[in-house]
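# Notes for the structure review
Now for the letters of each chain:
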Amino acid sequence: MKTIGWIAAASVAATMLAQPVLAADLEQLKEQGFARIAIANEPPYTAVGADGKVTGAAPDIAREVFKRMGIEDVVASVSEYGAMIPGLQARRFDAVTAGLFMKPERCAAVAYSEPILCDAEAFLVKKGNPMGFKSFEDIAKTEGAKIGAPGGGTEEKLALDAGVPRDRVIVVPDGQSGLKMLQDGRIDVYSLPVLSLNDLKKKSGDDTIEVFAPVAGAPVYCDGTAFRKQDTALRDAYDKVLAEMKESGEFAEIIEPYGFSAAAAKSTSREKLCKG
Ligand code: 6CS
């Protein structure tokens with residue numbers, strides 16, 4: 001009996017080893033009936049309503065493109081920006097649709113679609129911008145000034161690259177926390193893309209704060225939907241539908257009510273953005 005056990009175990013092991021590293025291919029996702037997407041809950045890019053409904057320009061585009069690919073729906077998980085790529089690679093998600101801006105180091109780690117949502121960077125500051133912050137370098141040279149930014153996010157990296165010491169770059173989990181920390185004086189500036197801060201400021205109803213934009217010296221970024229490196233066939237199928245929607249005007253119909261420009265996304269490319 002023991003011998004049979006060993007043979008059975010060996011054949012199972014051999015079969016498992018023989019399995020290729022399965023990409024999340026189109027047929028698999030069609031069968032699954034949904035694509036698992038990572039979002040951040042940062043309106044107007046991504047949002048989760050009190051009723052749990054997922055909206056925002058990025059998930060709305062993804063839902064429509066996947067539907068036209070035969071994948072009926074999307075199931076979203078909220079993630080910190082810095083955890084999105086590791087989560088994708090660990091197969092916790094099938095795609096990242098969160099305004100994850102294309103940058104060379106990210107392009108090296110994932111397979112991005114063509115550009116979708118473009119935006120400049122901004123600062124949320126006290127009314128009148130009393131510390132005169134116009135760039136990340138201004139914050140670096142202001143002794144003791146603290147900036148709030150998303151963990152693993154673009155603004156955190158821009159601040160560190162501009163010379164803001166690590167202990168003056170405060171990781172902020174979400175917009176509401178950043179707003180409160182600024183209002184309480186625990187940070188002197190909170191940085192997110194322009195449309196995110198405009199949305200946050202408008203909903204706050206707080207006239208003691210204001211948005212400064214665009215941040216001098218910071219590029220205009222664009223996101224794309226991010227897939228695993230090995231899932232390029234899935235990404236190419238996504239891009240084909242995305243291009244059709246850009247051409248037909250349906251792409252603009254989805255993103256422009258959120259404040260994004262279809263022309264901005266159509267004016268650039270993954271190739272250009274991944275070059276940096
Ligand atoms: O891609 C990023 O890192 C940035 N994208 C958005 C939409 N918000 C903040 C984040 O740092």
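Going by the structure above, here's the rest.
Residues numbered from 1 in each chain as written. Predicted model: local features only at pLDDT ≥ 70, side-chain atom pairs only at ≥ 80, totals over all residues. Heavy atoms only, no water.

The next point concerns the pattern of salt bridges. On inspection of all chains with the given rule, the structure shows 21 salt bridges. A salt bridge links Arg36 to Asp94; its shortest N-O distance comes to 2.8 Å. In this pair, Arg36 is assigned in strand β1 (residues 34-39) and Asp94 in the loop between α4 (81-89) and β5 (95-96), connecting sequence segments 58 residues apart. By relative accessible area, which is 24% here, Arg36 ends up partly exposed. Among the residues examined, Asp94 registers a relative accessible area of 3% and is labelled buried. Residue Arg270 pairs with Asp239 through a salt bridge whose shortest N-O separation is 2.9 Å. Separated by 31 residues along the polypeptide, Arg270 in helix α13 (residues 270-275) and Asp239 in helix α10 (residues 232-248) bring together distant segments of the chain. Of the residues examined, Arg270 reaches a relative accessible area of 19% and is grouped as buried. A single salt-bridge network, built from bridges that share partners, covers Arg36, Asp94, Arg228 and Asp231. (Salt bridge = Lys/Arg side-chain N within 4 Å of Asp/Glu carboxyl O. Helix = DSSP H or I, 4+ residues; strand = E, 2+ residues; numbered from the N terminus. Buried < 20%, exposed > 50% of the residue type's maximum accessible area, 1.4 Å probe, protein only.)

Quick look at the nonpolar core now. Phe66, Phe123, Phe136, Ile147, Tyr238 and Phe251 are the most contacted members of the largest nonpolar core, which totals 68 residues. With six residues, helix α3 (residues 57-68) is the largest single contributor of residues to this core. The residues touching Phe251, leaving out its near neighbours within four places in the chain, are Ile61, Pro115, Ile116, Leu242, Met245, Lys246, Ala262 and Ala265. Counting 14 residues, the second largest nonpolar core, distinct from the first, contains Ala122, Met181, Leu182 and Leu197. (Core = buried A, V, L, I, M, F, W, Y, C linked by side-chain atoms within 4.5 Å. Contact = heavy atoms within 4.5 Å.)

For the ligand, the set of nearby residues contains 14 residues, the closest of which are Glu42, Phe101, Arg106, Thr154 and Glu155. At a separation of 3.2 Å, a nitrogen atom of the ligand approaches a polar side-chain atom of Tyr81. Here a nitrogen atom of the ligand sits 2.9 Å away from a polar atom, N or O, in the main chain of Gly99. Taken by itself the ligand offers 300 Å² of open surface, and the protein chains cover 100% of this. Put simply, the parts of the chain that give the shell around the ligand at least two residues each are α7 (154-161) and β11 (189-193). Classifying every residue of the shell around the ligand gives eight nonpolar, three polar and three charged. (Near = heavy atom within 4 Å. Polar contact = N/O pair within 3.5 Å; in protein donor to acceptor, adjacent residues only side chain to side chain. Areas by Shrake-Rupley, 256 points an atom, 1.4 Å probe, with all protein chains shown as cover. Nonpolar A, V, L, I, M, F, W, Y, C, P; charged D, E, K, R; others polar.)

A few words on the sheet that holds strand β12 (residues 209-212). Taken in spatial order, the five strands make up an open sheet running β10-β9-β11-β8-β12, and their pairing is mixed. Both edges of this open sheet fall to β10 (169-171) and β12, since each of them pairs with a single strand only. Adjacent strand axes in the sheet meet at a mean angle of 30°, parallel and antiparallel pairs treated alike. Two strands pair when backbone bridges link them, and strand β8 (residues 121-126) and β12 are joined in this way by four bridges, in the antiparallel orientation. Looking across to β12, one finds that Lys126 is bridged to Ile209. Packed onto the sheet, helix α8 (residues 175-183) meets β8, β10, β11 and β12 and runs at close to 40° relative to β8. Lying on the sheet, helix α9 (residues 194-204) is in contact with β8, β11 and β12; it crosses β11 at an angle near 120°. (Pairing = 2+ DSSP bridges. Axes fitted to C-alpha atoms, helices over the stretch in contact; angles between N-to-C directions.)

Turning our attention to the packing of aromatic side chains. The way to describe two aromatic rings as a pair is by their centre distance and the angle between their planes. Considering all chains together, one arrives at eight aromatic pairs under this definition. Pairing Phe123 with Phe212 gives two aromatic rings, centres 6.4 Å apart and planes at 25°, and the pair type is stacked. One end of the pair, Phe123, is in strand β8; the other, Phe212, is in strand β12, and 89 residues separate them in sequence. When sorted by exposure, Phe123 lands in the same class as Phe212, which is buried. Joined through ring pairs, the aromatic side chains of Tyr45, Phe101, Tyr221 and Phe260 make up one cluster. Positioned above the aromatic ring of Phe251 is the side chain of Lys246, whose terminal nitrogen or guanidinium carbon lies 5.4 Å from the ring centre. (Phe/Tyr/Trp six-rings, centres within 6.5 Å; stacked < 30°, edge-to-face > 60°. Lys NZ or Arg CZ within 6 Å of the ring centre and 35° of its normal.)

These figures capture arrangement, not role.
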